[in-house]
Protein chains: 2
Amino acid sequence: MRQTALFTKTRREAPADEVAKNAQLLIRAGYVHKEMAGVYSYLSLGLRTLRKIEDIVREEMDALGGQEIRMATLHPSEPWRQTGAWEQVDVLFKIDSRTEKEYALGQSEEEIVTPIASEYAPSYKDLPVAIYQIGQKYRDELRAKSGIMRGREFGMKDMYSFHTTQEDFDRFYEIVKQAYLRIYSRCGLVAKVTEASGGSFSQKISYEFMVLTDAGEDTILYCEACDYCVNLEVAKVKEGDECPKCRKSTLKTGIASEVGNVFDLGDRYPRALGFMYKDEEGRAQYPIMGCYGLGTTRLMGVIVQAFADDKGIVWPESVAPFQYHLVSAAPNDPEVVRYADALYDDLTKKGRAVLYDDRDVRAGEKFADSDLIGISHRIVIGKDAIGGKGIEVVARSTGTVSRMTREDLLAT
Amino acid sequence: MRQTALFTKTRREAPADEVAKNAQLLIRAGYVHKEMAGVYSYLSLGLRTLRKIEDIVREEMDALGGQEIRMATLHPSEPWRQTGAWEQVDVLFKIDSRTEKEYALGQSEEEIVTPIASEYAPSYKDLPVAIYQIGQKYRDELRAKSGIMRGREFGMKDMYSFHTTQEDFDRFYEIVKQAYLRIYSRCGLVAKVTEASGGSFSQKISYEFMVLTDAGEDTILYCEACDYCVNLEVAKVKEGDECPKCRKSTLKTGIASEVGNVFDLGDRYPRALGFMYKDEEGRAQYPIMGCYGLGTTRLMGVIVQAFADDKGIVWPESVAPFQYHLVSAAPNDPEVVRYADALYDDLTKKGRAVLYDDRDVRAGEKFADSDLIGISHRIVIGKDAIGGKGIEVVARSTGTVSRMTREDLLAT
């Protein structure tokens, strides 16, 4: 895409009321627009990155047999009353209507997905089943100061599974856990899993996926020799203690951000909403239910916080809005413009996603904008590129400059 | 996808309170799940078809230079108050929150997109600009009895454009009109455009895109010799009159469904929300704004109504959830199963989207389900296919049976 055709522009300052680094950078670079505290619109660049994250999540959920659907977000109040959540969930948005019917805005979808699964799984033969969606969620948060990391409206992948036995849930949880770890790894992050006893009213036990980043809000204790990890808030161990799991190393403290969670919901929702299946002997049974959350917009915010430097955003290649940021460094030199135009056409024809800075502004401003936008590879076209010295390719993360021939660039 | 792995099943009856043919069929075939009047979840098959419609719309909007974004649906009340819509739009859902802030649920996005465009278009050089999204909308409808054709929550593509002159809006409107007509045509529909004087409080003039279908809710008068078309509700002509535009033919009456609309909004929203740009002489001016709506879930409903027959849904190929419905007609014959399994693998490897009915139920039930689900081409594998008589391919729309060799089927 030509940058002159992109309707957004970079800006020098984020709004004064925006205190979160992720949102400050994303607003300044033109990825998001702040509508109010905790609510953002995703602009052209932001939607491109968010879609890449969604695609990674979708691939991993499809690969483990998850079936994607798109659930309603405007919910009837009845199932929320049946589960008790209408009164107990303080972040639930409730809506009055002209028809005097009350609605809830989806903050999670147990109340919707359980009746759906119930309808299509009358028998043990229909289980297990795993259903997921990627969509918007709404939470009436009292405070929303973490940018896109904790919103009143936010993007989430939520999957729900139903099983005939606890063992089958445990087996499936392990599969999902590996998929989650692959998702974070594909986004350039290292995640650890903590086990926390159920805090909320609804779950028996929960697992949290934490990414080690100095910008995190949580403190965890973890072992470097094995996968033991615990949130400091609930830990019965302390830094320097012997790892209670492997006993091979001592525990370290780390700052981390939560990027996903899993809840073992037991039969609470099937029981409240009347989902029974017939087992092999024909007896009616409640299934065991699991819930697997992964905030897609939150993950985008964590990635920004984890990698940004003092010049701006640094995307891992897998989620950058474009593969290359092509910058013509001498926009008034017809020869340079012709060369850059042709290279842009050729890269695009080869299927590469290129943001081409064809604006008539000085090179220094382009480089600063390019650093702020954070695309992994910057291709710089100046006089020297045409002169045969090779094309300058700059890695955003390290600043390393390499020289490539036009042919090599098109071939890689 | 193997049908045994699909979590939905067909059902004999739609819910008793569902009176709309589109939703009755979509529920029975497992495309959607009704949450309440006017609110549906889209299940695996439904999401596949909806995505195909969205992709067609996206391609056409991208082709005319529209820039896709994803706007918030939870809106601050302030811009809605500034435009007067907070009081004047009766279908607007309003939400109270714990923080005593009031929110609106997006029923259209003028209040959100105008400030966004304003921020990035300070100069006439930044105009025109066209921004769109494909997402959920919410309307507090008093009645919702048309299935997915008129919902309290529904999918919509809404585009907004901003121009320096009325002439530029008119020019752009013609481009969008052609794109809209291509979208309907790609969905198998023939659309006509009516011009209606602005009914709502906000627009100067509006255009409606109407699809001729006996299942429609509107009556239009149209000329077969030219593109003259008018909604009977506002018509000053009647059936049999000479066409007032071309004078070459007489007017006919047709039953039609609205599938899109365009509003010339003038400078109402820029004026209310303070969007001014600098013109060539440096004077501050309000831009002219256009709004282009196209209900994606409504379009899906119209397609169902337009083509369904007494056996079920009939999708045009372009929006069918799968290209082929492969049916093994003798699930207890190991030779037939082996043959069907191998054909499924080969078609899938070739990148075809195949729903493979590998269930252990009798052929008659499979054919009835296949008719209900409505995939354009059914491939039937029975004894005769293996015996060299060729593979039976049935066109859902006409029932025409053709015989093909395995090689030809894989090559087409």
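Residues numbered from 1 in each chain as written. Chains lettered and ligands numbered in written order. Predicted model: local features only at pLDDT ≥ 70, side-chain atom pairs only at ≥ 80, totals over all residues.

> I'd like a description of the environment of Thr-253 of chain B, backed by residues and values.
All names here are of chain B. Topologically, Thr-253 is positioned in strand β13 (residues 251–266). Measuring from C-alpha to C-alpha, the distance between Thr-253 and Ile-220 comes to 5.8 Å, with 33 residues separating the pair along the chain. Among all residues touching Thr-253, those that are not within four sequence positions of it are Thr-219, Leu-221 and Glu-239. (Helix = DSSP H or I, 4+ residues; strand = E, 2+ residues; numbered from the N terminus. Contact = placed C-beta atoms within 7 Å.)

> Outline the interface of chain B and chain A, listing residues and values.
Counting residues at the interface gives 39 residues for chain B, matched by 39 residues for chain A. Among the secondary structure elements, those contributing two or more residues to the side of chain B that touches chain A are β1 (32–36), β2 (39–42), α2 (44–63), β3 (67–68), β4 (74–76), α5 (110–120) and β7 (129–138) of chain B. Class assignment for the residues of the side of chain B that touches chain A results in 21 nonpolar, ten polar and eight charged. (Nonpolar A, V, L, I, M, F, W, Y, C, P; charged D, E, K, R; others polar.)

> Break down the sheet that holds strand β19 (residues 377–381) of chain A for me, with residues and values.
Residues and elements named next belong to chain A. Read from one edge of the open sheet, five strands run β18-β17-β19-β20-β21, paired in mixed fashion. If you trace the sheet from one side to the other, it starts and ends with β18 (354–357) and β21 (401–404), each paired once. Taken pair by pair, the neighbouring strands of this sheet meet at an average axis angle of 25°, ignoring direction. Summarising the sheet, strand β17 (residues 324–328) and β18 pair through four bridges and their orientation is parallel. For Tyr-324, the partnering residue across the bridge sits in β18 and is Val-354. The strands that helix α9 (residues 334–349) touches are β17, β18 and β19; relative to β17, the one it contacts most, it runs at about 160°. Across the sheet, helix α10 (residues 363–373) is in contact with β17, β18 and β19; its angle to β17 comes to roughly 170°. (Pairing = 2+ DSSP bridges. Axes fitted to C-alpha atoms, helices over the stretch in contact; angles between N-to-C directions.)

> Tell me about the relation of the copies chain B and chain A, and name the residues and values.
Note on the identical chains: chain B maps onto chain A by a rotation of 180° and an axial translation of 0.0 Å, with an RMSD of 0.0 Å. Such a combination of rotation and displacement between the chain copies is what one expects of a two-fold axis. Within chain B, Ile-95 of chain B has its C-alpha nearest the rotation axis, a separation of 2.8 Å. A shared interface surface links the copies, since 100% of the contact residues of chain B are contact residues in chain A too. (Least-squares fit on C-alpha atoms with pLDDT ≥ 70 in both.)

> Residues and numbers for the sheet that holds strand β18 (residues 354–357) of chain B, please.
All names here are of chain B. One open sheet accounts for five strands, arranged β18-β17-β19-β20-β21; its pairing is mixed. Only two strands of the sheet have a single neighbouring strand rather than two, namely β18 and β21 (401–404). Strand-to-strand twist across the sheet, computed as the mean angle between neighbouring axes with direction ignored, equals 25°. The pairing of strand β17 (residues 324–328) with strand β19 (residues 377–381) spans five bridges and is classified as parallel. The residue of β19 that forms the bridge with Val-327 is Val-380.

> Could you give an account of the pairing of β17 of chain B, naming the residues involved and the relevant values?
All names here are of chain B. Counting buried positions along β17 gives five out of five residues, so the element sits mostly inside the fold. Of the two faces of β17, the one carrying Tyr-324, Leu-326 and Ser-328 and the one carrying His-325 and Val-327 are both buried. Regarding the hand of the β-α-β motif, the stretch spanning β17, helix α9 (residues 334–349) and β18 is right-handed. (Buried ≥ 20, exposed ≤ 12 C-beta atoms within 10 Å, placed from the backbone. Right-handed = clockwise from strand over helix to strand, strands pointing away.)

> Explain helix α8 (residues 296–307) of chain A residue by residue, including any values.
All names here are of chain A. Between its first and last C-alpha, α8 extends 17 Å over twelve residues, near the 16 Å set by a 1.5 Å rise per residue. Counting buried residues along α8, eleven of its twelve residues qualify, which places the element largely inside the surrounding structure. Those residues of α8 not exposed but buried are Thr-296, Thr-297, Arg-298, Leu-299, Met-300, Gly-301, Val-302, Ile-303, Val-304, Gln-305 and Ala-306. (Expected span 1.5 Å × (residues − 1).)

> Can you lay out unusual backbone geometry for me, pointing to particular residues and giving the numbers?
All names here are of chain A. Backbone torsion omega between Leu-127 and Pro-128 reads 0°, so that peptide bond is classified as cis. Position of Pro-128 relative to the elements: it lies in the loop between α5 (110–120) and β7 (129–138). The backbone of Glu-100 shows a phi angle near 70°, a positive value even though the residue is not glycine. Tracing the backbone shows Glu-100 in the loop between β5 (94–96) and β6 (102–105).

> So what's going on with the confidence of the model for chain A? Which residues, and what values?
Across chain A, the average pLDDT comes to 95, with 98% of residues at or above 70. At the level of chain-chain contacts, confidence expressed as ipTM amounts to 0.96, with global pTM at 0.97. (pLDDT = per-residue confidence, 0-100.)

> Outline helix α10 (residues 363–373) of chain B, supporting the account with residue identities and numerical values.
All names here are of chain B. Among all positions in α10, only Lys-366, Asp-369, Ser-370, Asp-371 and Ile-373 are buried. The secondary structure elements touched by the buried residues of α10 are α2, β17, β18 and β19. Positive phi appears at Gly-374, one or two residues downstream of α10, with a value of about 85°.

> An account of the nonpolar core is needed here, citing residue identities and associated values.
Formed by 232 residues in total, the largest nonpolar core has its most connected members in Ile-381 of chain A together with Ile-381 of chain B. Beyond its immediate sequence surroundings of up to four residues, Ile-381 of chain B is in contact with Val-327, Ser-328, Ala-329, Val-336, Tyr-339, Ala-340, Leu-343 and Ile-391 of chain B. (Core = buried A, V, L, I, M, F, W, Y, C linked by C-beta atoms within 7 Å.)

> Report on the environment of Ile-116 of chain B, specifying residues and quantitative values.
For Ile-116 of chain B, the location among the structural elements is in helix α5. Note: C-alpha distance between Ile-116 of chain B and Met-71 of chain B (45 residues apart in sequence) is 9.7 Å.

> Report on the packing of helix α1 (residues 21–28) of chain A against α8 of chain A, specifying residues and quantitative values.
Residue and element names in this part refer to chain A. Running from amino to carboxyl end, α1 crosses α8 at an angle of 95°, the nearest separation of the two axes being 9 Å. Considered as vectors, α1 and α8 are oriented roughly perpendicular to each other. Between α1, through Lys-21, Asn-22, Leu-25 and Leu-26, and α8, the contact on the second element is made entirely by Gly-301, Val-304 and Gln-305. Looking at the contact of α1 with α8, its residues break down into three nonpolar, three polar and one charged. (Parallel < 35°, antiparallel > 145°, perpendicular 65-115°, else oblique.)

> Provide a residue-level description of the pairing of strand β16 (residues 288–295) of chain A, including the pertinent values.
Residues and elements named next belong to chain A. With eight of eight residues buried, β16 lies mostly within the body of the structure. Side chains Ile-288, Gly-290, Tyr-292 and Leu-294 project from β16 onto one buried face, and the interleaved Met-289, Cys-291, Gly-293 and Gly-295 project onto a second face that is buried too. Inspection of the sheet shows strand β8 (residues 153–163) paired to β16 by eight bridges, in the antiparallel sense. The partner of Ser-161 across the bridge, within β16, is Gly-290. In terms of strand pairing, strand β13 (residues 251–266) meets β16 through five bridges, oriented antiparallel. Bridged to Phe-263 within β16 is Cys-291.

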